[in-house]
Amino acid sequence: AIAVMLPIDTSGRILQSLYKMVRGREKPDLRGPVGIVGLLQDQIKSGWVYFFGLLAFLNVSLGLFNLLPLPALDGGRLAFLGYELVTRRRANAKFEAAVHMLGFALLFLLILWVTYQDIIRPYM
């Protein structure tokens, strides 16, 4: 039962936190691959249970992030499928490709920015 309820509870807390960040009530604390490795190292020092707990949290977080309706993510594709379902016609393929390409470029820039922040974080 815990294996089913924990991801659901974690998802709810992550979505609440994301909502607060979007509304400006909570400061975003984004971590990229460099920051995540640092967190994992800290958790290993605390114990394997904490390490695997963080891995489970990361798994749920990445799954939720991928479902956000942003271009270049699965959620963006689902948004286009929803459009097709409502309008009963396909979106213009060139337009959809351009939207996903723009989303991918913005996502790549976000990854670069977050990684840069991870690198300079210890020096701030």
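Before any of the text, the structure's been laid out above.
Residues numbered from 1 in each chain as written. Predicted model: local features only at pLDDT ≥ 70, side-chain atom pairs only at ≥ 80, totals over all residues. Heavy atoms only, no water.

Here the structure, examined in full by the defined rule, presents six salt bridges. Residue Arg13 pairs with Asp9 through a salt bridge whose shortest N-O separation is 3.1 Å. With Arg13 and Asp9 both in helix 1 (residues 2-22) and four residues apart, this pair spans about one turn of that helix. The class of Arg13 is partly exposed, set by a relative accessible area of 48%. Judged by relative accessible area, which is 40%, Asp9 ranks as partly exposed. Measuring nitrogen to oxygen at the nearest pair gives 3.1 Å for the salt bridge that ties Arg121 to Asp118. For Arg121, a relative accessible area of 31% translates into the label partly exposed. One continuous salt-bridge network, built from bridges that share partners, spans Asp29, Arg31, Asp118 and Arg121. (Salt bridge = Lys/Arg side-chain N within 4 Å of Asp/Glu carboxyl O. Helix = DSSP H or I, 4+ residues; strand = E, 2+ residues; numbered from the N terminus. Buried < 20%, exposed > 50% of the residue type's maximum accessible area, 1.4 Å probe, protein only.)

Here we take up a nonpolar patch on the surface. A cluster of nonpolar side chains, contributed by Met101, Leu102, Phe104, Leu106, Phe108, Leu109 and Leu112, occupies part of the molecular surface with about 760 Å² of accessible area. Mapped onto the secondary structure, Phe104 falls in helix 5 (residues 93-120). (Patch = residues over 30% accessible without salt bridge, like charges linked within 9 Å, V, L, I, M, F, W, Y side chains within 5 Å. Areas by Shrake-Rupley, 256 points an atom, 1.4 Å probe, with all protein chains shown as cover.)

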